[in-house]
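What follows is the residue order along each chain.
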Amino acid sequence: MVMEQAFATLAIHADEAQARLQTKDVAAPLSVSTIFRYPPPPGESYDDTPENLAPNVYSRESQPNRDRVETLIGNLEGGHAVTYSSGLAAVHAALVHFRPERVAVRQCYFGTQANFTLFNKIRVLEKIDVDDEFKKGDLVWIESPINPTGEIHDISHYAQKARKAGAVLIVDGTFAPPPLQYPMRLGAHIVFHSATKYLGGHSDLLGGVLIVPTESEATELREDRSVLGNTMGSMETWLLLRSVRTLEIRINRQSQTATALVAWLNRGVKSSVPVDGIPANAIHSLRHVSVQKTSFDKVAQMPGGFGPVFAILLTSRRAAELVAHRLKCFVHATSLGGVESTIEWRLLSDPDTDERLLRASVGLEDLEDLKQDWRQALCSAMETIEKEKGTN
Ligand SMILES: *Cc1c(COP(=O)(O)O)cnc(C)c1O
C-alpha cells in the first residue's frame, strides 16, 4: 500500500471514505448490533437508507467499527489488518492459517509459548530454535523487542534466513508498534500485535491483530475467523478505533521518556556513591535496546525510536519486591502499554525469571516526576533493607 500521507494524518483519516458509507457522524458511533437488515430485493428499496451503504449481515462476520479499525491499522503498518479477540487468539489463528509442523522460537511472551504447546492437542507442533536450520513450511516467530527486557533481535537476518528456506516469518511487534518500527519493510511476512498493549493504549481492552501483505490473505484469515469465532467484541473494537487516533503522539512520547529514563537510571548502575538522588548499591543493571550492544544497526531497525519497555535488575530480591510496591507513578500490575506507567516484579507472573528483575512500561507522565518516583522508591527500599539487616 502506498503511504501518501504521514502516519499522524493516516491515523485520523485513513478510514474516512469507509466511514462516509456508514454515517454522517464525525466520531465513530459505537455499533453494538449483532445483526443488520438485508438489502431489499430487486425493484424494492428502503426509503430511508442510502443505496451505497456498506453491507453487513452478522457481527461475527463483519461490523462497521471493525471494518474501519482494520483499514486504519492496515494503512499504518503498510499491509492489511485482521483483528482478534486477544493477542493469543491471533496467535492461534496464525497456526490454523499456516498449519506448520515446526515453529522456530526462542525468547518470547510465555503465553505465546503456551499457545504453541497447546496446539499439540490438535496436531504435533515441534519447537526448534531460531538459530537452527529452517525448512519449507516452518513458522518462524520472532518477538522484537523482547518481553520482558525490551532488547531486540535482528529482524532482517531472520527474514532473509526464512525466505531462503521457504519458511514464514511472523514478528511480534507488540513492544514497538509503528511508527517505531516496520517489520514488513525488513522482510517479515506478517506482523503481530497484542492490541491490548500500546495500540489500545489505555489498559481497557483485549485484542490482537495480524497484518498481512495482501488483501486476499486478509480475506482468507477473516473467513477463518468467522468460523473460529474469535472476533473482537464490539465495545473493544470501538475503543481500539478511538485509541489508534492518538497512537503516534502516545508512542513517540512513551519511547522518548523511556529512553531518557533508562539513560538516567543507568548512571546509578553498580555505583557505590549516590548519583542524582539514586542511592548507592541499589541498581545491578538495566536491560533495554538503548543500552544493548548489537552486531547490527539498531537505529535502522527502529527508525522511529526505541520501545517504552525496559527491565531493571536491583541488587537483591527484597529490593525488587519493595521497589515494585513503593513506586507511585509506576503502578504495580502486570501488562503494559497504558497511559499510566506500570511496573511488575516479574517473578510474580514468571517463576523462571531472575528474582531481582522488574519490568517497566513507561506511560505518559512527566519524565522529571518519573525520576523522582524512582528516587523515593529506591531510597526508601534501601533504608528498609538496612533496618532489616540491623534487626537480624
Ligand atoms: C500480551 C502479549 C501477548 C498476548 O496478547 P494478549 O492480548 O494478552 O492475548 C503476546 N505477545 C506479547 C509480546 C505480549 O506482551
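Quick caveat: nothing in here was measured; it's all calculated off a predicted structure.

S.K.: Mind showing me how you'd approach the packing of helix H4 (residues 87–98) against helix H7 (residues 215–228) here?
M.R.: The relative placement of two packed helices is expressed as an angle between their axes plus a distance between the axes. Running from N to C, H4 and H7 cross one another at 110°; their axes reach a closest spacing of 10 Å. Between H4 and H7, the interaxial angle falls into the category roughly perpendicular. The hand of the H4/H7 crossing is right-handed. Within the contact between the two elements, H4 uses His92, Ala93, Val96, His97 and Phe98 and H7 uses Glu217, Glu220, Leu221, Asp224 and Leu228. Residues belonging to the contact of H4 with H7 are distributed by class as follows: five nonpolar, two polar and three charged.

S.K.: Please clarify how the pattern of salt bridges should be interpreted in this entry.
M.R.: A side chain with one charge may pair with a side chain of the opposite charge, provided their charged atoms come close. What the rule picks out here adds up to 18 salt bridges. Between Asp138 and Arg102 there is a salt bridge; the shortest N-O distance is 2.8 Å. Here Arg102 lies in strand E2 (residues 102–104) and Asp138 lies in the loop between strand E3 (126–128) and strand E4 (139–143), a separation of 36 residues in the sequence. Accessibility expressed as a relative area gives 2% for Asp138, which makes it buried. Where Glu386 meets Lys389, a salt bridge forms, and the shortest distance between an N and an O atom there is 3.3 Å.

S.K.: Explanation requested: the site of the ligand in the structure shown.
M.R.: By nearness alone, 14 residues border the ligand, and Gly87, Asp172, Ser194, Thr196 and Lys197 come closest of all. Take Ser194: an N or O atom from its side chain is 2.8 Å from an oxygen atom of the ligand. Lys197 is positioned such that a nitrogen or oxygen atom in its side chain is 2.7 Å from an oxygen atom of the ligand. Within the complex, the protein chains bury 93% of what would otherwise be the 380 Å² of accessible surface of the ligand. Among the elements of the structure, H4 and strand E6 (190–194) are those that each provide at least two residues to the shell around the ligand. Grouping the constituent residues of the shell around the ligand by class yields four nonpolar, seven polar and three charged.

S.K.: Just to check I follow, could you spell out a nonpolar patch on the surface for this structure?
M.R.: Side chains of Ile35, Tyr38, Tyr46, Val57 and Tyr58 sit close together on the surface and give an oily, nonpolar patch of about 510 Å² of accessible area. Position of Val57 relative to the elements: it lies in the loop between helix H2 (16–20) and helix H3 (64–77).

S.K.: Teacher, can you tell me more about the side chain of Asn147 here?
M.R.: Locating Asn147 in the fold gives a position in the loop between E4 and helix H6 (155–165). For Asn147, a relative accessible area of 7% translates into the label buried. Within the local environment of Asn147, its side chain forms a polar contact with the side chain of Arg359, the two groups lying 2.8 Å apart.

S.K.: Quick question: what am I supposed to make of the packing of aromatic side chains here?
M.R.: The relative placement of two aromatic rings is captured by the distance of their centres and the angle of their planes. Summed over all chains, the structure comprises four aromatic pairs. When the centroid spacing of 5.6 Å and the interplanar angle of 80° are considered together, the rings of Phe116 and Trp141 count as edge-to-face. Pair noted here: Phe116 is in helix H5 (residues 110–118) and Trp141 is in strand E4, with a separation of 25 residues, a long-range link. For Phe116, a relative accessible area of 1% translates into the label buried. Cation over ring: Arg185 sits above Tyr182, and NZ or CZ is 3.8 Å from the ring centre. Between the NZ or CZ atom of Lys197 and the centre of the ring of Tyr109, over which it lies, the distance is 5.4 Å.

S.K.: Help me out: how do you make sense of the pairing of strand E5 (residues 168–172) in this one?
M.R.: Successive residues of a regular strand alternate their side chains across the two faces of the sheet. Burial within E5 is extensive, with five of its five residues counted as buried. Neither face of E5 is exposed, since Val168, Ile170 and Asp172 on one face and Leu169 and Val171 on the opposite face are all buried. Where E4 meets E5, five bridges bridge the pair, whose relative direction is parallel. Bridge pairing in E5 links Trp141 to Ile170. Chirality of the crossover, the property in question, places the unit of E4, H6 and E5 among those that are right-handed. Of the strand pairs in this sheet, E5 and E6 are connected by three bridges, and their pairing is parallel.

Analysis parameters
By convention here, each chain's residues receive numbers from 1 onward along its written sequence. Given that this is a predicted model, residues contribute local features only at a pLDDT of at least 70 and side-chain atom pairs are listed and counted only at 80 or more, while totals for whole chains, interfaces and linings are drawn from all residues. Think of the side-chain values as coming from all heavy atoms in the structure, minus any hydrogens and water. Lines fitted to C-alpha atoms define the axes, with helix axes restricted to the stretch in contact, and inter-axis angles between N-to-C directions lie between 0 and 180 degrees. Helix and strand definitions follow DSSP, with helices as H or I runs of at least four residues and strands as E runs of at least two, each counted in order from the N terminus. Here the word oblique covers every angle except those under 35 degrees (roughly parallel), over 145 (roughly antiparallel) and from 65 to 115 (roughly perpendicular). Helix crossings fall into two classes, left-handed where the near helix is turned counterclockwise from the far one by less than a right angle and right-handed where it is turned clockwise. Any two residues having at least one pair of non-hydrogen atoms within 4.5 Å are treated as being in contact. Three categories are distinguished: nonpolar for Ala, Val, Leu, Ile, Met, Phe, Trp, Tyr, Cys and Pro, charged for Asp, Glu, Lys and Arg, and polar for the others, with Gly belonging to the last. Any Lys or Arg side-chain nitrogen located within 4 Å of an Asp or Glu carboxyl oxygen qualifies as a salt bridge. The buried label goes to any residue with under 20% of its type's maximum accessible area, the exposed label to any with over 50%, and the partly exposed label to all in between, with areas taken from a 1.4 Å probe on protein chains only. When we say a residue is near a molecule or strand, we mean one of its heavy atoms is within 4 Å of it. A 3.5 Å cut-off defines polar contacts: any pair of N or O atoms within that distance qualifies, except that in protein one atom must be a possible hydrogen donor and the other a possible acceptor, and neighbouring residues in sequence count only when both atoms are side-chain atoms. The Shrake-Rupley method, run with a 1.4 Å probe, gives the accessible areas here. Residue values count only the displayed protein chains as cover. The patches described consist of residues with a relative accessible area above 30% and no salt bridge, like charges being joined within 9 Å and nonpolar side chains (Val, Leu, Ile, Met, Phe, Trp, Tyr) within 5 Å. Under the pairing criterion, centres of Phe, Tyr and Trp rings, with the six-membered ring standing for Trp, must be within 6.5 Å; the plane angle then separates stacked pairs below 30 degrees from edge-to-face pairs above 60, leaving the rest tilted. Each ring is checked for a lysine NZ or an arginine CZ that lies within 6 Å of its centre and within 35 degrees of its normal; such an atom marks a charge sitting over the ring. In this analysis, strands are considered paired if DSSP registers two or more bridges between them. If you view a crossover with the strands going away from you and the path from the first strand over the helix to the second runs clockwise, you call it right-handed.

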